[in-house]
Amino acid sequence: MKKILLVFFVIFSIKTNCQNLVNERAKWFVNDRFGMFIHWGLYSGAEGNWKGEKVRYDNDYAEWIQYRNQIEKSEYIKLSKRFDWNKIDPEEWVLLAKKAGMKYITITAKHHDGFAIWNSKASDFNIYNYSEPKRDIIKDLSEACKKHNLKLGFYYSHWTDWEHPYAWDNSKEIYWLDKDKFDIYWQEKVIPQMKELLTNYGEISMIWFDMWLHHDQTIVSKDQLLQLKNLIREIQPNCLINSRLGLSVEEDEDVDFRTLGDNQLGEYKFDYPWQTPATVAHSWGYSKNENEWKSTTSILRSLIGNVSLNGNLMLNIGPTSDGSVPYEIGKRFSEIGKWLKFYGKSVYGAEAFDLRSNLHDWGLITYKHNKQGKHNVFLNIFDIKPGNSLNVTGITNKPLNAYLISKKSKIKLNFDFNKAFLKIKLPTDLPDPYVNLIELEYDKKPTVDRDLVAKSKFNGYSLKLSNSKSYQGDYILNESKREGSIPSNIQVNDSLNISWKIFVDKPSKFNIDTSYNFQKKITDGFMTVSINKKSYKHRFNYTGKTVGEPIQDYIIDRFKSSTIGTINFEDVGFYDIDLKIKTSSQNPLQWQWMWLEEIAD
Ligand code: JFZ
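Note that the structure is predicted; figures quoted are calculated from it, not measured. (Residues numbered from 1 in each chain as written. Predicted model: local features only at pLDDT ≥ 70, side-chain atom pairs only at ≥ 80, totals over all residues. Heavy atoms only, no water.)

Peer 1: Teacher, can you tell me more about helix 9 (residues 296-307) here?
Peer 2: Owing to its 3.6 residues per turn, the α-helix aligns residues three or four sequence positions apart on the same side. Look at helix 9: 17 Å from first C-alpha to last across 12 residues, which is about the 16 Å you get at 1.5 Å a residue. Within helix 9, 9 of the 12 residues are buried, which leaves it mostly tucked inside the rest of the structure. All buried positions along helix 9 are accounted for by Thr296, Ile299, Leu300, Ser302, Leu303, Ile304, Gly305, Asn306 and Val307. (Helix = DSSP H or I, 4+ residues; strand = E, 2+ residues; numbered from the N terminus. Expected span 1.5 Å × (residues − 1). Buried < 20%, exposed > 50% of the residue type's maximum accessible area, 1.4 Å probe, protein only.)

Peer 1: Any chance you could explain unusual backbone geometry here in plain terms?
Peer 2: With the exception of glycine, the majority of residues adopt a negative phi angle, and the majority of peptide bonds are in the trans configuration. Note the cis peptide between Glu132 and Pro133, where omega equals 0 degrees. By secondary structure assignment, the location of Pro133 is in the loop between helix 5 (127-130) and helix 6 (137-147). One non-glycine residue with positive phi stands out, namely Lys419, at about 55 degrees. Tracing the backbone through its elements, the reader meets Lys419 in the loop between strand 18 (415-418) and strand 19 (421-425). Judged by its relative accessible area of 47%, Lys419 falls in the partly exposed class. Located in the positive-phi region is Asn459, a residue other than glycine, with phi close to 55 degrees. Among the structural elements, Asn459 can be located in the loop between strand 20 (436-442) and strand 21 (460-463).

Peer 1: What is the right way to look at the packing of helix 9 against helix 10 (residues 327-343) in this model?
Peer 2: The relative placement of two packed helices is expressed as an angle between their axes plus a distance between the axes. Packing of helix 9 against helix 10 brings their axes to within 10 Å, and their N-to-C directions diverge by 55 degrees. Judged by the inter-axis angle, helix 9 sits oblique to helix 10. Helix-helix and strand crossings are classified by hand; for helix 9 and helix 10 the assignment is right-handed. Across the interface between the two elements, Thr296, Ile299, Leu300, Leu303 and Ile304 of helix 9 pack against Arg332, Glu335, Ile336, Trp339 and Leu340 of helix 10. (Axes fitted to C-alpha atoms, helices over the stretch in contact; angles between N-to-C directions. Parallel < 35°, antiparallel > 145°, perpendicular 65-115°, else oblique. Left-handed = near helix turned anticlockwise from the far one by under 90°. Contact = heavy atoms within 4.5 Å.)

Peer 1: Looking at this structure, I do not really get the pattern of salt bridges. What am I missing?
Peer 2: Side chains that differ in charge, positive against negative, can pair when their charged atoms come close. Counted under the stated rule, the structure contains 35 salt bridges. The partner of Asp322 in a salt bridge is Lys87, and the shortest N-O contact between them spans 3.2 Å. Taken as a pair, Asp322 in the loop between strand 11 (311-317) and helix 10 and Lys87 in the loop between helix 3 (73-76) and helix 4 (90-100) lie far apart in primary sequence, 235 residues in all. Between Asp432 and Lys407 there is a salt bridge; the shortest N-O distance is 3.9 Å. Residue Asp432 is found in the loop between strand 19 and strand 20, and its partner Lys407 is found in the loop between strand 16 (401-405) and strand 17 (410-412); the two are separated by 25 residues along the sequence. Taking relative accessible area as the criterion, Asp432 reaches 7% and is therefore assigned buried. The exposure class assigned to Lys407 is partly exposed, which follows from its relative accessible area of 40%. (Salt bridge = Lys/Arg side-chain N within 4 Å of Asp/Glu carboxyl O.)

Peer 1: Is there a simple way to think about the nonpolar core in this case?
Peer 2: Nonpolar side chains tend to gather and get buried jointly when the protein is soluble and globular. Ranked by internal contacts, the top residues of the largest apolar core, which has 94 residues, are Trp40, Ile105, Phe154, Met194 and Phe333. For this core, the element with the most residues is helix 7 (residues 179-199), which contributes 8 residues. When near neighbours in sequence (up to four residues on either side) are disregarded, Phe154 contacts Thr106, Ile107, Ala109, Ile138, Leu197, Tyr201, Ile204, Met206, Ile207 and Trp208. In terms of nonpolar packing, the next biggest core, distinct from the first, is built from 33 residues, Leu463, Tyr536, Ile564 and Leu579 among them. (Core = buried A, V, L, I, M, F, W, Y, C linked by side-chain atoms within 4.5 Å.)

Peer 1: Got a minute to help me understand helix 7 in this structure?
Peer 2: Over its 21 residues, helix 7 extends 28 Å from the first C-alpha to the last, a length consistent with the 30 Å expected when each residue adds 1.5 Å. Approximately 35 degrees is the largest bend angle found in helix 7, and it occurs at Trp186. Along helix 7, the positions that sit buried rather than exposed are Phe182, Tyr185, Trp186, Lys189, Val190, Ile191, Gln193, Met194, Glu196, Leu197 and Leu198. Close packing links the buried residues of helix 7 with strand 5 (104-110), helix 6, strand 6 (151-156), strand 7 (206-208) and helix 8 (222-235). Taking the backbone nitrogen of Asp180 as reference, a side-chain oxygen 3.0 Å away marks Asp178 as the first, capping residue of helix 7. (Bend = angle between axes of the 7 residues up to and from the residue. Polar contact = N/O pair within 3.5 Å; in protein donor to acceptor, adjacent residues only side chain to side chain.)

Spatial relationships are all this shows, so hold off on functional conclusions.
Structure follows, in structure tokens:
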């Protein structure tokens, strides 16, 4: 698949990274960063299986079993018999959230199946009617949240409801429903139920809607959504509303935060509040089919990664029909909680830093203006060998201090600073098995040079179009193909000039090489690399073919690296690197990267 990108280029840096588009209501939300999602309802009793058959469809969302496996309501409700009504204790969920370092909880008050897990007067299809002894889970949970000082929010499926005859049940795409009938559902179930949820359970911090389409593409009207929104604003003025309400920001700016796709982590910084809803395995509701659990490190990376882009993470639990939480979840949650207990300052109240995101190969950076008036840059280290030095490129002020945070104390670290480069010496013992944290301290907000390419831990510079300072000319972005055997590349049919900026922190000699695919044997196509008044001309080599997978019929063009030369940087300082590619449409060059690597003496 080819996409022509001309002048347009993904914005890698935003003018300001400070989170300045946060309204008053959402201040707590961007401070707290980490929340718990709970998917629990009748479907929890099915555990992702119905009469010997697994939930249909690949994503294995167990909370969809009624719809996927086409279960009649009369049969589906029998699941209530499987629950251990005496045992279910929502306070346990609250305690688990606390233990994990989560600051808010959002529970599925009503999921797509239309079953209310509170004592709802507006619909008989609710837990109070089908439990023995009678239970109101929302009541119990709200009391436990209050007791333990956690914020509470409700997931409410407003659009889809498989129980009500006039609501959207997905099959309505075939058996079209009229808008008047849908409005009957809206006025007799949605609005009254929302009133109950907003009135009877104390302070509600967010309503989490789940319509992933704009209302234009659905049966829901803009007026209905505004009615709902106004109801929330009227009864609970501080309650947050997420973007899956279904109104676009253009129509109504009054949506408090954006919800990304399921398990979709952030890639870019946003100035407004946003959140990823995420699972620990695949399903949201409890499924006994799960066997691929994300690791503690991977979850911490998701959380810190989002914070480093001004985002939140809401991590899901799917308790079972007796209220217990799968061991695999509990274990990871307590490990995450232990980490946050010692290192939480790089998450709570922290935000994106001004450097390009994902700049360094050892980990992720977050930033905070702390209560003592100091400014902290947090280096969250995922990948470094103990005893090595950590390279930090791009900050142009010298820190007052660098500390390695450990469970017992702060360890002061030695470092060298030069213009835009910080080299921190790490001890041979690193305190944390998951993510180690270094806190840099400044007395004012540090300034940065956002054009710089970071020096990698292999003492090299990886130069790509995406981390260039500027470029000129046209190219075609070719996406990677067949599991990346054909890597994503920049196709040049005429000429392209790219410039990078690096900082060389000590006099040293570097090897330069570049990777590309070129299929002509004789041509006058070439590239020139200019660094510090020296130029290197490289005539394209024919790179030939290779087998993309060890299967002989998948023969592909070969991407191969060629040496351009070596360069001696005699002085410490900033250098521009310019690459000029010159070819013709008869001789296209598919270019990948350039790599400068220090040659040890
Ligand atoms: C929805 C629900 O259908 C699902 O059961 C679960 O509750 C989840 C949190 O939300 O699923 C979605 C919603 C949005 C997208 C995909 C699945 N999306 O935007 O890609």
